[in-house]
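# A closer look at the structure
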Amino acid sequence: MKKIFPICITLCLTVLLLSACEEESDMAFDRVAAPVVLQYDSIAPNEAQLTLFELDKTGILDQNVGIKYNPISNLAIDVSQAGTMLGTFTTASDGTVVVPFQGALPNEFAGTYDGVAFRIFKTDFD
């Protein structure tokens, strides 16, 4: 009897713990990878150059081709600095845009590409 009681308790607790867990498949919001890649370069004390690329992964399995970075032209992008909107800028034919700023570096970039809305937060400017 002394051996059966602890085994029964352990078995009951195991069944209870396994049956009490629920898998939650609905998230509060959907996360989708940004459809663009942002390259950030400081070109002057108060100017930054952004280059936006689309990743072409068709050659990902071919070591001679790999992933290609294609510049995105005519893309409207909202640029913010510490929560303050600096403006909406449009990329040139080479995918670049120059953003003037005062004080802190712009750190938030948002737009829509191929019907997918994106928001990129940049914290590392190396």
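Structure: see above.
As a starting point, this report considers the structure included with it.

Procedures and definitions
- Residues numbered from 1 in each chain as written.
- Predicted model: local features only at pLDDT ≥ 70, side-chain atom pairs only at ≥ 80, totals over all residues.
- Heavy atoms only, no water.
- Helix = DSSP H or I, 4+ residues; strand = E, 2+ residues; numbered from the N terminus.
- Buried < 20%, exposed > 50% of the residue type's maximum accessible area, 1.4 Å probe, protein only.
- Areas by Shrake-Rupley, 256 points an atom, 1.4 Å probe, with all protein chains shown as cover.
- Pairing = 2+ DSSP bridges.
- Axes fitted to C-alpha atoms, helices over the stretch in contact; angles between N-to-C directions.
- Phe/Tyr/Trp six-rings, centres within 6.5 Å; stacked < 30°, edge-to-face > 60°.
- Contact = heavy atoms within 4.5 Å.
- Salt bridge = Lys/Arg side-chain N within 4 Å of Asp/Glu carboxyl O.

### Here's the deal with the overall build of the protein chain
When helices and strands are tallied, the protein chain shows 1 helix and 8 strands. Secondary structure of the protein chain in N-to-C order comes out as α-β-β-β-β-β-β-β-β. Relative to its full complement of 126 residues, the protein chain shows a buried share of 25%. When the accessible surface of the protein chain is split by element, carbon and sulfur atoms take 56% of a total near 9300 Å².

### Brief notes about the sheet that holds strand 8 (residues 116-121)
Spatial strand order, 5-4-7-8: 4 strands in an open sheet with antiparallel pairing. Where the open sheet ends on each side, the last strands, each with one partner, are strand 5 (84-90) and strand 8. Between one strand axis and the next, the sheet turns by 20° as a mean value, whatever way the strands run. Strand direction decides the pairing type here: strand 4 (residues 76-81) and strand 5, joined by 6 bridges, are antiparallel. By the bridge assignment for strand 5, Val79 is matched with Gly87.

### Quick notes on the packing of aromatic side chains
Per the stated rule, a full pass over the model turns up 2 aromatic pairs. Between Tyr40 and Phe109, the ring centres sit 6.3 Å apart and the planes meet at 55°, which makes this aromatic pair tilted. Separated by 69 residues along the polypeptide, Tyr40 in strand 1 (residues 37-44) and Phe109 in strand 7 (residues 108-113) bring together distant segments of the chain. Across the pair, exposure class does not vary: Tyr40 and Phe109 are buried alike. When the centroid spacing of 5.7 Å and the interplanar angle of 90° are considered together, the rings of Phe53 and Tyr69 count as edge-to-face. Of this pair, Phe53 sits in strand 2 (residues 47-59) while Tyr69 sits in strand 3 (residues 66-71); the two residues are 16 residues apart in sequence, bridging distant segments of the chain.

### Digging into the side chain of Ser80
Secondary-structure assignment places Ser80 in strand 4. In contact with Ser80, other than residues within four places in its own chain, are Met85, Leu86, Pro106, Asn107 and Glu108.

### Quick word on the pattern of salt bridges
As enumerated under the stated definition, the model contains 1 salt bridge in all. Note that Arg119 and Glu108 form a salt bridge whose closest N and O atoms lie 2.4 Å from each other. Pair noted here: Arg119 is in strand 8 and Glu108 is in strand 7, with a separation of 11 residues, a long-range link. For Arg119, a relative accessible area of 49% corresponds to the partly exposed category. With relative accessibility at 15%, the residue Glu108 sits in the buried group.

That is the geometry; function is a separate question.
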